[in-house]
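Here is what each chain is made of, one letter per residue.
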Amino acid sequence: MANGLTKILEDRLGLHLLEYDIPEHSNSIKYSLGGMTLSSFGILVISGILLSQFFIPDPERANRSLHYLVDQVYLGWYLRGIHFWAGEVLTVTMILHAIRVFFTASYKNPREINWLIGIGIMTMMGTLLFTGTVLKWDQEAYEALAHFLWVAEKMGPFGLPLTEAFAQGVPLLNRIYMAHISLLPIIVILMIGLHLFYIKYHKLSQLPDATKPAKNIPFTQHMAYLRRAGAGILLLICLLALTIAPPLGEEPVLGLEVTKPPWQFVWIYALENVWVPFLIVAPPIIIGFLLAVPIVDQNKERYWKKRPLAIAVLAGFILIFAALIIWGSVTTMTHSM
Amino acid sequence: MKQFLIIITLSIFAFITQNVFAHGGGHKKETAPIPATEEPADSMYVTEEKESDPFESPELFSPGDLFMPGEIEPEKSESMDMEGSHSENNEHSMPKVESAKHKAIETSSKGYATALGITVFAGLIFAGLTFIRPGE
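The following refers to the structure shown. (Residues numbered from 1 in each chain as written. Chains lettered and ligands numbered in written order. Predicted model: local features only at pLDDT ≥ 70, side-chain atom pairs only at ≥ 80, totals over all residues. Heavy atoms only, no water.)

### Considering the overall build of chain A
The line we're drawing: A run of DSSP states H or I qualifies as a helix once it reaches four residues; a run of E qualifies as a strand once it reaches two. Both are numbered from the N-terminal end. For this measure, only C-alpha atoms enter the radius of gyration; the expected value for a globule follows 2.2 Å times N^0.38, where N is the number of residues. A 1.4 Å probe rolled over the protein chains alone gives each residue an accessible area, and that area as a share of the maximum for its type sets the label: buried under 20%, exposed over 50%, partly exposed in between. The Shrake-Rupley method, run with a 1.4 Å probe sphere, supplies the accessible areas, and residue values consider only the shown protein chains as cover. Positive charges come from Lys and Arg, negative ones from Asp and Glu, while His and the chain ends are left out of the count. To locate a charge, take NZ of a lysine, CZ of an arginine, CG of an aspartate or CD of a glutamate.
Helix and strand counts for chain A come out as 11 helices and 3 strands. Secondary structure elements in chain A, listed N-terminal to C-terminal, are α-β-α-α-α-α-α-α-β-α-β-α-α-α. Relative to the globule expectation of 20 Å for 337 residues, the C-alpha radius of gyration of chain A, 22 Å, shows essentially globular dimensions. Among the 337 residues that make up chain A, the fraction classed as buried is 47%. A total of about 16,700 Å² of accessible surface is found on chain A, and carbon and sulfur atoms cover 71% of it. Mean positive and mean negative side-chain charge positions of chain A (24 and 22 charges, respectively) differ by 13 Å.

### Observations concerning the overall build of chain B
Looking only at helices and strands, one finds 5 helices and 1 strand in chain B. Traced from its N-terminal end to its C-terminal end, chain B shows the element sequence α-α-α-α-β-α. Across the 136 residues of chain B, 18% fall into the buried class. On chain B, roughly 11,000 Å² of surface is accessible, and the fraction owed to carbon and sulfur atoms is 62%.

### Concerning the nonpolar core
Residues and elements named next belong to chain A. Going by this rule: Working definition of a nonpolar core: buried Ala, Val, Leu, Ile, Met, Phe, Trp, Tyr and Cys residues. They are joined through side-chain atoms within 4.5 Å. We call two residues contacting when some pair of their heavy atoms lies within 4.5 Å.
Judged by nonpolar contacts, the single largest core of 45 residues is most densely connected at Phe102, Tyr107, Trp115, Val134, Trp137, Leu145 and Trp267. Where this core is concerned, the elements lending two or more residues are helix H3 (62–72), helix H4 (76–103), helix H5 (112–135), helix H6 (139–154), helix H7 (172–202), helix H9 (266–274), helix H10 (278–296) and helix H11 (308–330). Element by element, the count of residues in this core is highest for H6, at 7 residues. Sequence-distant contacts of tryptophan 267, defined by excluding residues within four places in its chain, comprise Ala282, Ile286, Phe321, Leu324 and Ile325. Counting residues in hydrophobic clusters, the runner-up holds 34 residues, among them Phe41, Tyr78, Met94 and Ile121.

### A look at the pattern of salt bridges
Residues and elements named next belong to chain A. To keep things clear, this is the line we draw: In what follows, salt bridge is the name for a side-chain nitrogen of Lys or Arg lying within 4 Å of a carboxyl oxygen of Asp or Glu.
Taken as a whole, this structure holds 7 salt bridges over all chains when the rule is applied. Among the ionic pairs, glutamate 251 bridges to arginine 64, the shortest N-O distance being 3.4 Å. One end of the pair, glutamate 251, is in the loop between strand S3 (244–245) and H9; the other, arginine 64, is in helix H3, and 187 residues separate them in sequence. Each of Lys136, Asp138 and Glu140 takes part in salt bridges that share partners, so that together they form one network.

### Focus: the side chain of A:Thr259
Keep this limit in mind: Between N or O atoms, a polar contact is any pair within 3.5 Å; within protein, one atom must be a potential hydrogen donor and the other a potential acceptor, and residues adjacent in sequence are included only when both atoms are from side chains.
Summarising the element assignment, A:Thr259 is placed in the loop between S3 and H9. The class of A:Thr259 is buried, set by a relative accessible area of 7%. Reaching out from A:Thr259, the side chain makes a polar contact with the side chain of A:Glu143 at a distance of 2.8 Å. Discounting chain neighbours no more than four positions away, the residues touching A:Thr259 are A:Gln139, A:Glu140, A:Glu143, A:Tyr269 and B:Ser99.

### Thoughts on the packing of aromatic side chains
Residue and element names in this part refer to chain A. Convention followed: Ring pairs are drawn from Phe, Tyr and Trp, using the six-membered ring of Trp, whenever the two centres fall within 6.5 Å, and their geometry is named by plane angle: stacked under 30 degrees, edge-to-face over 60, tilted for the rest. Cation placement over rings: the criterion is NZ of Lys or CZ of Arg within 6 Å of the ring centroid and within 35° of the ring normal.
In this structure the tally under the stated criterion is 20 aromatic pairs over all chains. Between tyrosine 198 and tyrosine 201, the ring centres sit 6.4 Å apart and the planes meet at 80 degrees, which makes this aromatic pair edge-to-face. Taken together, the residues tyrosine 198 and tyrosine 201, both in helix H7 and 3 residues apart, mark about one turn of the helix. Seen from the ring of tyrosine 20, lysine 200 lies directly overhead, with NZ or CZ sitting 4.3 Å from the centre. Its guanidinium or amino end placed over the ring of phenylalanine 102, arginine 307 lies 5.7 Å from that ring's centre, counting from NZ or CZ.

### Structural notes on the packing of H5(A) against H7(A)
Residues and elements named next belong to chain A. Note the following rule: The axes used here are C-alpha line fits, helices contributing only the stretch in contact, and every angle between their N-to-C directions lies in the interval 0 to 180 degrees. The labels follow the angle: roughly parallel below 35 degrees, roughly antiparallel above 145, roughly perpendicular from 65 to 115, and oblique for the rest. Take the far helix as the reference: if the near one is turned anticlockwise from it by less than a right angle, the crossing is left-handed, and if turned clockwise, right-handed. Think of it as three bins: nonpolar holds Ala, Val, Leu, Ile, Met, Phe, Trp, Tyr, Cys and Pro, charged holds Asp, Glu, Lys and Arg, and polar takes everything else, Gly as well.
As a packed pair, H5 and H7 sit with axes 9 Å apart at the nearest point and diverge in direction by 160 degrees. Between H5 and H7, the interaxial angle falls into the category roughly antiparallel. Relative to H7, H5 is oriented so that their crossing is left-handed. When the residues that make up the contact of H5 with H7 are grouped by side-chain class, the tally is 20 nonpolar, 8 polar and no charged.

### Considerations on the packing of helix H2 (residues 33–52) of chain A against H7(A)
Residue and element names in this part refer to chain A. Viewed as axis vectors pointing N to C, H2 and H7 meet at an angle of 155 degrees, and their least axial separation amounts to 12 Å. Relative to H7, the element H2 lies roughly antiparallel. The way H2 lies across H7 gives a crossing that is left-handed. The segment H2 lies against H7, with Leu38, Phe41 and Ser52 engaging Tyr177, Val188, Ile189, Ile192 and Leu196.

See below:
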């Protein structure tokens, strides 16, 4: 009976199409980091939809509506915590996923396009993180936006659509909210769809040091593994939300600059401390560098021991970022913007 | 002659009062037009008119609603063009603002028990999938 029902559902829904073969090593943590990132993104979307029921995207009331949510609404603090920590976990798994792809040289022929899409997703996730930081409209949010607007102003006509002058009379916070809950998620979802399509099309890359083709498993088996990994991610996020409340300050005092950005952006803060124009040039240089990786690296080798230069670049990249994040976290800003 | 004097007197009176009645009677002050830029200070319409056109109101974007062109510049010149450290400069001229930090969740938070229950449930799901591993 149950088998008959399963058969009917498989036929009607086309579930048998998910039975295609993939390499066995896909059922490992390092090859499931992308799936874990997707789990976090799903949690972000669901918790974000719930949060939007309580958030007022008005500069005069945004911060107060969040304080009300956290202090007065039943489980409001937990909901906000889950949204915040899902963003943090997503950042970590996404970065680890990109490092794994680089380390195993999975961006090489024929998967260059998927690397570029991945960098695009990473950039969009960073933008989502930034807009989410601004929406809480406390001192940190105000300062983040002030810096952003300074950069947009320096970009001249290219930066105009990002400023309030583009739609006079409409508070910028409203437009940022629209981008955060609508425009950016739609773009990210489309890009994730494309990313998954090309993973299916080019198949998961073989292990770099494999001497013979890997043993295969059906994709449904990998889905079961990802389900467990997703449950682990959910548990981690719930535990963090239950124990540590995300930062939320009072309404901003305009003109002051006393806070530091979240750790994901604190490296820009550190660079800005060295030379203010880094604020403008550093992000595009880094994104350009990442986009150039599959074009510049034409070495056919994929095993890390046979790619000393690439691994040195990766190690240097990680070390520099770690140093900038630590320095940015402990240093005091002394600059003239 | 007497009739002529009466007619003349009545005619003069009629011409004078014609002007008066035609304007509603006796409002000599209104004959002097009020300049267009001058607004009565105590009129309720002054406020209403301003509210009806938000784009011309300088109050709309300050201080809670910021970032209209021209507004951020003066503030930036006072506080964001800094030569020394933030804390040194801000202590004298700006109100004290502390950056928000992570805080430990208090067990008295609204719905803490439910949140704990949801977390335990998530843990049970993960534990179940880890031990049973259905489909793997």
